[in-house]
Amino acid sequence: MMREQDLKELAELISPQEPILSLYLNVEPQQRNADEYKLALRKLLEQAAERGAASADIERIERFFEHEYDRQGRGVACFAQSETGFWRAYALPAAMQDHVHVGRRPYLTPLSDVWDAYGRLGVISADREGARAFVYHLGALEDSAGTLGAEVKRHKQGGWASQKLQRYEDQEARHNLKEAAGWADDYLREHEVKRVVLSGTDGNLALLREVLPRSLQDRVIGQMNLDMNATPAQLWERAFEIAVDAQQRAEAELLEEVITAAHKGGAGAVGLKDTVAAMQQGRIYRLLVDRGFHQPGYQCRNCGALTVEETEKCPYCDGELSTTTDVVNLLVQRTLDEGLQVSIIDAASQLEALDGLAAVLRY
């Protein structure tokens with residue numbers, strides 16, 4: 001499983017001589033069988049050879065899929081640089097768009113997208129007696145635990161006695177859920193979970209929401225109606241749908257805010273030129289990128305500055321400029337390298353109209 005330090009390692013990687021081969025392959029079983037994805041792989045490697053990839057790197061990827069790949073995941077990302085012996089391969093939970101890149105740095109935009117969408121997600125499955133909490137990371141169950149309170153029985157008597165028993169049972173259930181909510185809050189904070197989905201019946205979830213600590217309420221992104229017998233796989237499938245929908249809504253709202261701020265001269269940048277300039281000034285807080293946006297540009301050999309304007313010298317240090325096939329990828333890598341967030345946005349018409357880039361600025 002890919003870890004955060006793996007992404008950071010890739011973001012910091014740069015090859016001084018031989019290029020790095022980055023390859024993404026869609027291996028979603030419902031979309032492709034083995035013969036189909038192997039045919040797609042062959043075409044990608046042919047493109048890699050045409051773009052100057054080392055034959056040893058191409059052979060390393062061929063060997064991986066022939067002898068090592070275990071058909072796990074829906075997408076695969078490979079990074080090879082034979083001169084230094086660098087090799088990484090990751091099975092990913094998302095179906096990837098086929099892509100090959102040959103350059104001095106690995107191509108990370110698709111990985112950033114996966115990390116953003118499939119990062120750590122928590123699920124609290126609750127009934128009237130307690131709750132179980134599940135922590136998922138990149139689509140895999142990382143940990144789970146549970147807590148139970150007093151047993152809450154259902155009585156069938158009618159009349160006044162039944163109403164009294166019902167009130168008592170509701171009080172017991174509320175107490176159990178309050179204890180469970182406090183426990184779940186601590187448990188999910190220990191696991192650094194920032195997005196939470198609630199699961200249970202409408203009645204139980206209504207009670208649970210009443211007693212959630214504020215710190216947990218702020219992390220809840222939705223709820224679903226599955227009982228306590230649902231498997232971890234069933235919980236993940238529904239929770240992920242909710243998480244993706246919540247993320248898309250949040251990103252659309254954020255993009256609107258950035259555009260408004262930029263137009264008013266506030267803490268927002270839109271368009272390739274302004275966003276690259278903001279990065280050089282150290283002002284970017286969060287980067288928003290259209291998934292399909294690629295653009296050639298220039299990078300200073302001396303200070304590493306990025307620019308999209310053709311000039312004789314670096315505008316920052318007068319150093320020599322070298323061309324890059326994708327300045328957007330370099331911008332994403334630098335943002336990740338600085339520990340900042342990158343959001344890859346699908347088919348955002350507003351973002352497309354703004355040269356595919358926008359950013360939330362620090363000031």
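It should be noted that the structure appears before, not after, this text.
Residues numbered from 1 in each chain as written. Predicted model: local features only at pLDDT ≥ 70, side-chain atom pairs only at ≥ 80, totals over all residues. Heavy atoms only, no water.

Enquirer: Is there a simple way to explain the overall build of the chain in this structure?
Expert: If you tally the helices and strands in the chain, you get 11 helices and 16 strands. Seen along its three principal axes, the alpha-carbon backbone of the chain occupies a region of about 90 × 55 × 30 Å. Long-range contacts, defined here as pairs at least 24 residues apart, represent 68% of the contacts in the chain between residues at least 6 apart. Entry remark: accessible area of the chain is about 18,400 Å², with carbon and sulfur atoms responsible for 45%. With 41 positive and 57 negative side-chain charges, the chain shows a separation of 5 Å between the mean positions of the two kinds. (Helix = DSSP H or I, 4+ residues; strand = E, 2+ residues; numbered from the N terminus. Contact = heavy atoms within 4.5 Å. Areas by Shrake-Rupley, 256 points an atom, 1.4 Å probe, with all protein chains shown as cover. Lys, Arg positive; Asp, Glu negative; His and termini not counted. Charge placed at Lys NZ, Arg CZ, Asp CG, Glu CD.)

Enquirer: Please explain the pairing of strand β15 (residues 341–345) as it appears in this structure.
Expert: Looking along a regular strand, one sees side chains alternate from face to face of the sheet. Across the 5 residues that make up β15, a large majority, 4, are buried. The pairing of strand β11 (residues 284–290) with β15 spans 5 bridges and is parallel. The partner of D290 across the bridge, within β15, is I345. (Buried < 20%, exposed > 50% of the residue type's maximum accessible area, 1.4 Å probe, protein only. Pairing = 2+ DSSP bridges.)

Enquirer: How should the sheet that holds strand β16 (residues 357–361) be read in this particular structure?
Expert: Adjacent strands of a sheet form backbone hydrogen bonds with each other and so pair up, either parallel or antiparallel. Read from one edge of the open sheet, 4 strands run β10-β16-β11-β15, paired in mixed fashion. The sheet is open, and its two borders are formed by β10 (268–270) and β15, each paired with just one other strand. Averaged over all adjacent pairs, the angle separating strand axes in this sheet is 15 degrees, with direction ignored. Along the sheet, helix α8 (residues 232–263) contacts β10, β11, β15 and β16; its crossing angle with β10, the most-contacted strand, is approximately 95 degrees. (Axes fitted to C-alpha atoms, helices over the stretch in contact; angles between N-to-C directions.)

Enquirer: Is there a simple way to think about helix α4 (residues 109–118) in this case?
Expert: In an α-helix, one turn spans 3.6 residues; hence positions three or four apart end up facing the same way. Of all 10 residues in α4, 10 are buried, a share of seventy percent or more. Of the positions making up α4, those classed as buried are T109, P110, L111, S112, D113, V114, W115, D116, A117 and Y118.

Enquirer: Would you mind going over the sheet that holds strand β2 (residues 75–81) with me for this structure?
Expert: Strand order across the open sheet formed by 4 strands is β3-β2-β1-β4, with antiparallel pairing between neighbours. The outermost strands of the open sheet, each flanked by one partner alone, are β3 (86–92) and β4 (99–103). Taking the axes of each pair of neighbouring strands and ignoring which way they run, one obtains an average angle of 5 degrees across the sheet. In this sheet, β3 lies alongside β2 in antiparallel orientation, the contact comprising 7 bridges. Opposite A80, over in β3, you have W87 as the bridge partner. Along the sheet, helix α2 (residues 34–50) contacts β1 (20–26) and β4; its crossing angle with β1, the most-contacted strand, is approximately 155 degrees.

Enquirer: Please explain the packing of aromatic side chains as it appears in this structure.
Expert: Centre-to-centre distance and the angle between the planes together describe a pair of aromatic rings. In total, this model carries 12 aromatic pairs according to the counting rule given. Judged by centre distance (5.5 Å) and plane angle (65 degrees), the rings of F65 and Y69 are edge-to-face. The same class applies to F65 and to Y69, which are both buried. Consider the rings of W236 and F240, whose centres lie 5.2 Å apart with planes at 25 degrees: the pair is stacked. Residue W236 and its partner F240 are both found in helix α8; the two are separated by 4 residues, about one turn of the helix. With relative accessibility at 13%, the residue W236 sits in the buried group. The exposure class assigned to F240 is buried, which follows from its relative accessible area of 16%. The structure contains a cluster of three or more aromatic residues connected by ring pairs, namely Y37, F64, F65, Y69 and W87. (Phe/Tyr/Trp six-rings, centres within 6.5 Å; stacked < 30°, edge-to-face > 60°.)

Enquirer: Would you explain the packing of α2 against helix α3 (residues 55–68) in this entry?
Expert: In a packed pair of helices, the relevant descriptors are the angle between the two axes and the axis-to-axis distance. Packing of α2 against α3 leaves a shortest axis separation of 10 Å and a crossing angle of 170 degrees. It follows from the interaxial angle that α2 and α3 lie roughly antiparallel. Residues Y37, L41, L45, A48 and A49 of α2 pack against I58, I61, E62 and F65 of α3. Along the lines of polarity and charge, the residues of the contact of α2 with α3 split into 8 nonpolar, no polar and 1 charged. (Parallel < 35°, antiparallel > 145°, perpendicular 65-115°, else oblique. Nonpolar A, V, L, I, M, F, W, Y, C, P; charged D, E, K, R; others polar.)

Enquirer: Is there a simple way to explain the side chain of N176 in this structure?
Expert: Within the element layout of this structure, N176 appears in helix α5 (residues 159–190). Since its relative accessible area comes to 3%, N176 is described here as buried. Looking at N176, its side chain comes within polar contact range of the main-chain oxygen of R128, at 3.1 Å. (Polar contact = N/O pair within 3.5 Å; in protein donor to acceptor, adjacent residues only side chain to side chain.)

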